[in-house]
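# A look at the structure
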Amino acid sequence: MEKIASFTVNHLDLLTGIYVSRKDYLEKDVVVTTFDLRFTRPNLEPVMDTAGIHAIEHLGATFLRNDSEWKEKTIYFGPMGCRTGFYVIFKGDLCPQDIIGVLRRMADFILNFEGTIPGASPKDCGNYLDLNLSMAKFYTRKYKTEVLDNPTEQRLTYPC
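A brief look at the structure comes next. (Residues numbered from 1 in each chain as written. Predicted model: local features only at pLDDT ≥ 70, side-chain atom pairs only at ≥ 80, totals over all residues. Heavy atoms only, no water.)

### Some details on the overall build of the protein
We count it as follows: Runs of E in the DSSP output that reach at least two residues are strands. Runs of H or I that reach at least four are helices, and both are numbered from the N terminus. Every radius of gyration here is taken over C-alpha atoms, with the globule rule written as 2.2 Å times N^0.38, N being the number of residues. Remark: exposure states derive from per-residue accessible area (1.4 Å probe, protein chains only) relative to the maximum for the residue type, with buried under 20%, exposed over 50%, and partly exposed in between. Contact definition: two residues touch when any of their heavy atoms are within 4.5 Å. The charge count includes Lys and Arg as positive and Asp and Glu as negative, but it does not include His or the ends of the chains. Taken as the charge centre is NZ of Lys, CZ of Arg, CG of Asp or CD of Glu, depending on the residue.
Tallying secondary structure elements over the protein gives three helices and four strands in all. Listing each helix as α and each strand as β along the protein from the N terminus yields β-β-α-β-β-α-α. Relative to a compact globule of 160 residues, whose C-alpha radius of gyration would be 15 Å, the protein shows 15 Å and is just as compact. For the protein, the spread of C-alpha atoms along the principal axes amounts to about 40 × 40 × 35 Å. Burial statistics for the protein: of 160 residues in total, 43% are counted as buried. Expressed as a percentage of contacts within the protein between residues at least 6 apart in sequence, the contacts between residues at least 24 apart total 69%. Treating the 19 positive side-chain charges of the protein as one cloud and the 21 negative ones as another, the clouds have centres 1 Å apart.

The structure is reproduced here in structure tokens:
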């Protein structure tokens, strides 16, 4: 069996960042781009706790699906199984520089959010009690400082 693309990335040298994970062509001229939003350094930093990552998932998905510029381009936003970040899938042939603006707005939305997290009810979510806004803000602040406020080439291109 062939290794899937995400298992060929050198996780030993991977920094927090925004990386193009893959581009898929749905039709001849219809492209979707999957981004790897790496919030923690794999195998070096502790993974994110489930309540914090779950809160970011609810808030991030809500923000993206309501953003006037990106709601029609947003296909998916959700956590990686390894709990070191998120995947976001957008319509379009995109690069990391194309999405830094919307990610900054999403981070600001999470950092400024107060109140009940969208979808935090037993009717709306299968694990509604496992949400932590404080941890979501902690992880988002770290990501914003390291990546969104400092988008160096090292943080936008997978290591070899």
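Moving on from the model shown.
### Quick notes on the pairing of strand E4 (residues 85-91)
This is how it is decided: In this scheme, strands are said to pair when DSSP sees at least two bridges between them.
Of all seven residues in E4, five are buried, a share of seventy percent or more. Sheet analysis places strand E2 (residues 30-38) next to E4, joined by seven bridges and oriented antiparallel. Following the sheet pairing, Arg38 is matched in E4 by Gly85. For strand E3 (residues 74-79) and E4, the ladder comprises five bridges, and the chain directions are antiparallel. Bridge pairing in E4 links Phe77 to Val88. The turn linking E3 back onto E4 is made up of five residues, and Arg83 within it adopts a positive phi angle of 65°.

### Let's talk about the side chain of Arg155
Going by this rule: Whenever a carboxyl oxygen of Asp or Glu lies within 4 Å of a side-chain nitrogen of Lys or Arg, that contact is scored as a salt bridge.
Here Arg155 lies in the segment after helix H3 (133-148). Nearest to the buried, unbridged Arg155 among oppositely charged side chains is Glu146, at 4.5 Å. Filtering out sequence-adjacent residues up to four positions away, Arg155 remains in contact with Leu15, Thr16, Gly17, Ile18, Tyr19, Glu146, Val147 and Asn150.

### Some remarks on H3
Convention followed: When we speak of the arc, we mean the arc of directions from the helix axis to the C-beta atoms. The definition of a polar contact used here is a pair of N or O atoms within 3.5 Å, where within protein one atom must be able to donate a hydrogen and the other to accept one, and adjacent residues in sequence count solely through side-chain atom pairs.
Among all positions in H3, only Leu133, Ala136, Lys137, Tyr139, Thr140, Tyr143, Lys144, Val147 and Leu148 are buried. Down the axis, H3 shows its buried residues gathered within 170° of arc, on one side only. In H3, the exposed residues that point more than 90 degrees away from the buried face are Ser134 and Thr145. Of the surrounding secondary structure, the elements contacted by the buried residues of H3 are strand E1 (17-27), E2, helix H1 (50-64) and helix H2 (96-112). Two or three places before Ser134, at the start of H3, stands the capping residue Asn132, its side-chain oxygen 3.0 Å from that residue's backbone nitrogen.

### Focus: the sheet that holds E3
Note the cut-off: Axis lines are fitted to C-alpha atoms, over the contacting stretch for helices. Their N-to-C directions set the angle, which ranges from 0 to 180 degrees.
Sheet architecture is open: four strands sit in the order E1-E2-E4-E3, paired in antiparallel fashion. The open sheet terminates on both sides in strands that have one partner only, identified here as E1 and E3. Here the strands of the sheet are splayed against their neighbours by 15° on average, with no regard to which way each runs. Strands in contact with H1 are E3 and E4; relative to E3, the strand with the most contacts, it is inclined by about 170°. In the packing of H2 onto the sheet, contacts are made with E1, E2, E3 and E4, and the angle to E1 comes to roughly 115°.

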